[in-house]
Amino acid sequence: MRRSFPLENFEMRYVYKIAVLTCICFTVSLAAGAQTPTPPPAKKPTTAAKAPAASTTQYDPALLQPATLRAKAPAEYDAKFVTTQGEFTIHVARAWAPNGADRFYNLVRHHYYDGAAFFRVLPGFMAQFGISAYPEVSKVWEHANIKDDPIVQSNHRGFVSFATAGPNTRTTQVFINYGNNEALDRSGFSAFAVVTDGMEVVDKLYNGYGEGAPDGHGPDQGLISTRGRTYLEKGFPKLDTIRSATIVPAAAAPAPVK
């Protein structure tokens, strides 16, 4: 069964032209049931193919035990992402969304995102990632949900939120806002971080495949979760990927990107 992320029963879909942020419930049937408001208009591909992250990368065995990865995050910390387009830094403030900040801290600390693709990049809206490159890892995180956080920071440009399938269903998928998507706040998408360096890299992520299947020509999230990197390298070789994501000391007084 497919789990869909914003927007659930969103009545102003055509006013804000906001697409649903989706992820997958990794069951054998992979039945489609996503809510898919009209996405922003897709742009023509403008970048060349990128080399995928090294296929020899192995995951941290601790990732197979989600229940054990519950360390409390620092009040503030930075996560450095090295991608096929370059580097960017995400600054996390635990006060904005404690549950989200803790989950992201544990995922990055154990290199969950290494090798993962930016599988859904919609110009003017957001860039989404967070399905593991390894199917066995994706499977065990399927139901590792965390509780919702109150909205403290809005989904403005550069801010980062977890995708969700409804109340208290956040797992591993996150998105970086390209536009000022305040409408997402009303659907419970609590920003827990902001890109403070390298937003120009995020802007360059490959967007030529557009919306994901079945609503567009992009990757099928169910197949990403069950086949992993092999599926994407064969059918969607131009997608940008994450070479590494690591926790680094937080910079002083970060300012949101403009």
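See above for the structure.
How each quantity is defined
- Residues numbered from 1 in each chain as written.
- Predicted model: local features only at pLDDT ≥ 70, side-chain atom pairs only at ≥ 80, totals over all residues.
- Heavy atoms only, no water.
- Core = buried A, V, L, I, M, F, W, Y, C linked by side-chain atoms within 4.5 Å.
- Buried < 20%, exposed > 50% of the residue type's maximum accessible area, 1.4 Å probe, protein only.
- Helix = DSSP H or I, 4+ residues; strand = E, 2+ residues; numbered from the N terminus.
- Contact = heavy atoms within 4.5 Å.
- Pairing = 2+ DSSP bridges.
- Axes fitted to C-alpha atoms, helices over the stretch in contact; angles between N-to-C directions.
- Expected span 1.5 Å × (residues − 1).
- Lys, Arg positive; Asp, Glu negative; His and termini not counted.
- Salt bridge = Lys/Arg side-chain N within 4 Å of Asp/Glu carboxyl O.
- Polar contact = N/O pair within 3.5 Å; in protein donor to acceptor, adjacent residues only side chain to side chain.
- Phe/Tyr/Trp six-rings, centres within 6.5 Å; stacked < 30°, edge-to-face > 60°.

Concerning the nonpolar core
- Judged by nonpolar contacts, the single largest core of 42 residues is most densely connected at Phe81, Phe88, Ile90, Phe104, Tyr113 and Phe192.
- Residue contributions to this core peak at five residues, all from helix H2 (residues 98–109).
- Excluding anything up to four places from it in sequence, Phe88 contacts Ala79, Lys80, Phe81, Thr83, Phe118, Ile176, Val195, Asp197, Gly198, Val201 and Val202.
- Ranked by size, the runner-up nonpolar core spans ten residues in total, among them Phe119, Ile224, Tyr231 and Phe236.

Things to note about unusual backbone geometry
- Between Ala213 and Pro214 the backbone carries a cis peptide bond, its omega angle lying at 5°.
- Tracing the backbone shows Pro214 in the loop between helix H4 (199–203) and helix H5 (221–227).
- The phi dihedral of Asn168 falls on the positive side, at around 55°, and the residue is not glycine.
- Relative to the assigned elements, Asn168 resides in the loop between strand E7 (159–162) and strand E8 (174–177).

Here we look at the environment of Trp96
- Here Trp96 is to be found in the loop between strand E4 (86–93) and H2.
- Here the alpha-carbon distance between Trp96 and Pro150, two residues 54 residues apart in the chain, equals 8.2 Å.

Some details on the sheet that holds E4
- Taking strand neighbours across the sheet as the criterion, the eight strands line up as E5-E6-E8-E7-E9-E4-E3-E10 in an open arrangement whose pairing is antiparallel. Taken across any chain shown, the strands that pair with only one partner, and hence form the sheet edges, are strand E5 (120–122) and strand E10 (242–248). Strand after strand, the sheet turns through a mean of 25° between neighbouring axes, direction not considered.
- Along the sheet face, H2 touches strand E3 (76–83), E4, E7, E8, strand E9 (191–197) and E10 and points at about 45° away from the line of E3.

Let's talk about H2
- With twelve residues, H2 ought to run about 16 Å at 1.5 Å a step, and its terminal C-alpha atoms sit 16 Å apart, in line with that.
- Turning to H2, its buried residues number three or more, namely Gly100, Ala101, Asp102, Arg103, Phe104, Tyr105, Asn106, Leu107 and Val108.
- Against the buried residues of H2 lie E3, E4, E7, E8, E9 and E10.
- Count one or two residues on from H2 and you reach His111, which has phi positive near 60°.

Comments concerning the side chain of Asp185
- On the secondary structure map, Asp185 appears in the loop between E8 and E9.
- The side chain of Asp185 is buried and forms no salt bridge, while Arg186, the nearest opposite charge, is found at 7.2 Å.
- Engagement of the side chain of Asp185 in a polar contact is seen with the side chain of Asn155, the distance being 2.8 Å.
- If we skip the residues at most four places from it in the chain, Asp185 touches Ile151, Ser154 and Asn155.

Some remarks on the packing of aromatic side chains
- If you walk through the whole model with that rule in mind, you get 19 aromatic pairs.
- With 5.1 Å between their ring centres and 85° between their planes, Tyr112 and Tyr113 make a pair best called edge-to-face. Side by side, Tyr112 and Tyr113 carry an identical accessibility label, which is buried.
- By the ring-pair criterion, three or more aromatic residues cluster together here, those being Phe81, Phe88, Phe104, Tyr112, Tyr113, Phe118, Phe129, Trp141, Phe162 and Phe192.

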